[in-house]
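# Fold and contact review
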Amino acid sequence: MQTGAKAFFFTFLLFAQCMLSFAQGKLQPDTIRIPYTNSPIEIDGKLGDWSNYFITTFSDTSKQIYTTGNYSLCDVYPEGFCEDKIKVPLSRNNVAAMLCWDENALYIAMYVIDKHLVAEFSGTDDNPNIYLNDAIEFYIDTKNDSKERMDVNDYQIIIDALNQHCVFKGNLRQMEYDSMFVPKERGQNMLIQSVINYQGTFNDNHPDDYYLVEMKIPFAAIGMLPQEGMVVRIDICNDDADFLLSELGVKSEDMYITWPFNWSGIGDFGFPKTWKTAVLVGHPSLYKQVSEKFKYQWLYFLGIFILIVAVVLFFVIRHNQKLRKMPKQEVLKKYVIVTSDEQSSDSSSNTNNGLVAKATDYIVKNISDKITPADIAE
Ligand SMILES: [Ca+2]
Ligand SMILES: [Ca+2]
Ligand SMILES: [Ca+2]
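What you see is a predicted model; the values in this text were computed from it and never measured.

### Describing the overall build of the protein
- Secondary structure assignment for the protein yields eight helices and 13 strands.
- Relative to its full complement of 378 residues, the protein shows a buried share of 25%.
- Taking contacts inside the protein between residues at least 6 apart in sequence as the whole, the part at least 24 apart equals 69%.

### Description of helix H6 (residues 298-325)
- An ideal rise of 1.5 Å per residue puts 40 Å on 28 residues; H6 measures up with 41 Å between its terminal C-alpha atoms.
- Within H6, only zero of the 28 residues are buried, which leaves the element largely exposed.

### Quick look at the confidence of the model for the protein
- Chain-level pLDDT for the protein is 83 on average; 78% of the residues reach the 70-or-more range.
- Between residues 336-345, whose pLDDT stays under 50, and residues either more than four places distant or in other chains, the model counts zero contacts.

### Focus: the sheet that holds strand E3 (residues 94-101)
- The five strands lie next to each other as E2-E3-E4-E10-E9, forming an open sheet whose pairing is antiparallel. Each of the sheet's edge strands pairs with one partner strand only, and the pair in question is strand E2 (54-59) and strand E9 (193-199). For this sheet, the mean angle separating the axes of adjacent strands, direction not counted, is 10°.
- Pairing of E9 with strand E10 (residues 210-218), which is carried by seven bridges, proceeds in the antiparallel orientation. By the bridge assignment, glutamine 199 is partnered in E10 with tyrosine 210.

### Observations regarding the pairing of E10
- In this structure, strand E4 (residues 105-113) lies alongside E10, joined through nine bridges in antiparallel fashion. Each bridged residue has a counterpart across the sheet, and for tyrosine 111 the counterpart in E10 is leucine 212.

### Re the environment of threonine 56
- With respect to the helices and strands, the residue threonine 56 is situated in strand E2.
- A residue is classified by how many C-beta atoms lie within 10 Å of it, and threonine 56, with 13 of them, is partly exposed.
- Between the C-alpha atom of threonine 56 and that of alanine 96, which follows or precedes it by 40 residues, the distance is 5.7 Å.
- Apart from the residues within four sequence positions on either side, threonine 56 is in contact with Ala97 and Trp263.

### What about the nonpolar core?
- Core analysis: the largest hydrophobic core is formed by 51 residues, its most contacted members being Tyr107, Ile108, Met110, Ile136, Ile157 and Val213.
- Those elements that place two or more of their residues in this core are E3, E4, strand E5 (135-141), strand E6 (154-160), strand E7 (165-170), E10, strand E11 (231-240) and strand E13 (276-281).
- When residues of this core are assigned to their parent elements, the largest contribution, seven residues, is made by E4.
- What tyrosine 107 contacts, discounting residues up to four positions off in sequence, is Ile41, Leu99, Cys100, Trp101 and Lys216.

### A look at the environment of lysine 216
- By secondary structure assignment, the location of lysine 216 is in strand E10.
- Separated by 111 residues in the primary sequence, lysine 216 and alanine 105 place their C-alpha atoms 6.2 Å from one another.
- When near neighbours in sequence (up to four residues on either side) are disregarded, lysine 216 contacts Ile43, Ala105, Tyr107 and Gln193.

### Here's the deal with the pairing of E7
- Of all six residues in E7, five are buried; the element is thus mostly enclosed.
- Alignment of E6 against E7, held across five bridges, turns out to be antiparallel. Among the inter-strand pairings, tyrosine 155 is bridged to a residue of E7, identified as lysine 169.
- Bridging between E7 and strand E8 (residues 184-185) involves two bridges; their strand directions are antiparallel. Paired with lysine 169 across the strands is glutamate 185, a residue of E8.

### Describing the environment of proline 284
- Its place among the elements puts proline 284 in the loop between E13 and helix H5 (286-293).
- Between the C-alpha atom of proline 284 and that of glutamate 103, which follows or precedes it by 181 residues, the distance is 8.5 Å.
- What proline 284 contacts, discounting residues up to four positions off in sequence, is Tyr36, Asn38, Gln289 and Glu292.

### Some words on unusual backbone geometry
- Within the chain, asparagine 144 stands out as a residue other than glycine whose phi angle is a positive 55°.
- Checked against the element boundaries, asparagine 144 lands in the loop between E5 and E6.
- The exposure class assigned to asparagine 144 is partly exposed, which follows from the 17 C-beta atoms found within 10 Å.
- Phi is positive for asparagine 163, close to 70°, though the residue is something other than glycine.
- Topologically, asparagine 163 is positioned in the loop between E6 and E7.
- Asparagine 163 sits in the partly exposed class, given 17 other C-beta atoms within 10 Å.

Conventions adopted
- Residues numbered from 1 in each chain as written.
- Chains lettered and ligands numbered in written order.
- Predicted model: local features only at pLDDT ≥ 70, side-chain atom pairs only at ≥ 80, totals over all residues.
- Helix = DSSP H or I, 4+ residues; strand = E, 2+ residues; numbered from the N terminus.
- Buried ≥ 20, exposed ≤ 12 C-beta atoms within 10 Å, placed from the backbone.
- Contact = placed C-beta atoms within 7 Å.
- Expected span 1.5 Å × (residues − 1).
- pLDDT = per-residue confidence, 0-100.
- Pairing = 2+ DSSP bridges.
- Axes fitted to C-alpha atoms, helices over the stretch in contact; angles between N-to-C directions.
- Core = buried A, V, L, I, M, F, W, Y, C linked by C-beta atoms within 7 Å.

Shown next, in the form of structure tokens:
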């Protein structure tokens, strides 16, 4: 890259970072910061794999079910709604909610301390009545653009303590009716992964401990392409059922509610203006970025490695074949020995001849004397 282009690139990068900081700086101080998680989260109902997350706690302290405005619950529920059947719960729930995200999904975990586990509505998928069981609810405005009512990019996700799902989405047609307080429809066929972990027994008088929901909402399922700095609005809610239908004196088809409350102390959900602003913060670590970038390239590196090994093996084998074509070591050894023997033989022969001559000369000169082998040796 040329110097001018490089300077422009870094200036642009600096400008983009300044704009991002400015945008984040404009966020309200109470904006929730949902951190990026580098460690993978397995949806298994256990939270040991959560390492970097936002956490908040809230408790049910309501004396009544509070609405968001100047209306009664009877105004927003269909005819037949039995407000007089609403009973204060036997025990008050305490909730811990955790959130984090990565490039694939938004992860939410909710730990609900509930001493009375009740869930009588079951058996059908996408059952809208599961909010009458012990359940959690999560709302998200994915574009952060809703006003008074839910719009087409807003979602409501209900997961009950039996791990049954029901998903609603803002409905454009229903939004046109002024009388519709919460214009939404179910049947979204949304892929949400969740696992429930609980301690207790359902629908009896034995005291219970808790239930825990760990869930994964793929960003693609709610039309989001996540980026650091992206702003959404969310609501976290709990539906507490502590009474059996028979104890309330109602039938399953009767319209009634149990005891809903959220982290803002409101008991009537689905109104985006009461939701909280949240921003996605953080980004993948350098290690994760490199791993992601080269996750398929390792095949090329493996191919190159195998090619190099094959070339080295080829030259090694070829070199060995050349060595095999040379004279054998035994032949060379024999040749050397013969040469050495000849030289040794000549030398020794000369030495021996000298000794024999000296011995002969000595014997001739001392023929008359008594000669011993020791004398000859000298
Ligand atoms: Ca887990
Ligand atoms: Ca919206
Ligand atoms: Ca309960």
